[in-house]
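# Understanding the architecture of this molecule
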Amino acid sequence: MCHMKKATIRELHLHTGSIVSEATEGRAITILKRGVPVAELGPIRPRPRSKGFGKKHWDRVAGLPKVPDSGRWLEKNR
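Residues numbered from 1 in each chain as written. Predicted model: local features only at pLDDT ≥ 70, side-chain atom pairs only at ≥ 80, totals over all residues. Heavy atoms only, no water.

The next thing to look at is the environment of alanine 7. Mapping alanine 7 onto the fold places it in strand 1 (residues 5-8). Ignoring any residue separated from it by four or fewer positions in sequence, one finds alanine 7 in contact with Ile19, Ile29, Thr30, Ile31 and Leu32. (Helix = DSSP H or I, 4+ residues; strand = E, 2+ residues; numbered from the N terminus. Contact = heavy atoms within 4.5 Å.)

Okay, here's the thing in structure tokens:
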């Protein structure tokens, strides 16, 4: 059975680097304030990769009216 490490606010203040390194390695650390758990520090879970915009989006974009170059339009109509 794996036990979660605990660290006080003071320990976190004094040893931030080593505690964060442990979290980076996959270990979860419970932060205690006056003996009461107040936070948990651990590795970030990887997010699923986005597949980008779907065909429906690009079909809608293709159907939008073409807009002239706004910079040139502004230059001409100032």
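Below, the discussion takes up the sheet that holds strand 2 (residues 29-33). Read across the sheet, three strands follow the order 1-2-3 without closing on themselves; strand pairing throughout is mixed. Each end of this open sheet is capped by a strand with a single partner; those strands are strand 1 and strand 3 (36-41). This sheet shows a mean twist of 35° between the axes of neighbouring strands, independent of strand direction. Relative to strand 2, strand 1 runs parallel, the two being bridged by four bridges. Bridge pairing in strand 2 places alanine 7 opposite isoleucine 31. (Pairing = 2+ DSSP bridges. Axes fitted to C-alpha atoms, helices over the stretch in contact; angles between N-to-C directions.)

Turning to the pairing of strand 3, a few remarks are in order. Taken together, the five bridges between strand 2 and strand 3 define a ladder with antiparallel strand orientation. Among the inter-strand pairings, isoleucine 29 is bridged to a residue of strand 3, identified as leucine 41. Between the antiparallel neighbours strand 2 and strand 3 lie two residues, among them arginine 34 with a positive phi of about 55°.

Membership of the largest hydrophobic core is limited to five residues, which are Ala7, Ile19, Ala23, Ile29 and Ile31. When residues of this core are traced back to their parent elements, those giving at least two are helix 2 (16-24) and strand 2. (Core = buried A, V, L, I, M, F, W, Y, C linked by side-chain atoms within 4.5 Å. Buried < 20%, exposed > 50% of the residue type's maximum accessible area, 1.4 Å probe, protein only.)

Our focus in this paragraph is the side chain of threonine 30. Its location among the elements puts threonine 30 in strand 2. Threonine 30 gets classed as buried once you look at its relative accessible area, which sits at 11%. When neighbours within four sequence positions are excluded, threonine 30 is seen to be in contact with Met4, Lys5, Lys6, Ala7, Pro37, Ala39 and Glu40.

Below, the discussion takes up the pattern of salt bridges. A full pass over the atoms with the stated rule returns three salt bridges. Here glutamate 22 and lysine 5 are joined by a salt bridge, their closest N and O atoms 2.9 Å apart. Pair noted here: glutamate 22 is in helix 2 and lysine 5 is in strand 1, with a separation of 17 residues, a long-range link. With a relative accessible area of 18%, glutamate 22 lands in the buried category. Residue classification places lysine 5 among the partly exposed residues on the basis of a relative accessible area of 25%. (Salt bridge = Lys/Arg side-chain N within 4 Å of Asp/Glu carboxyl O.)

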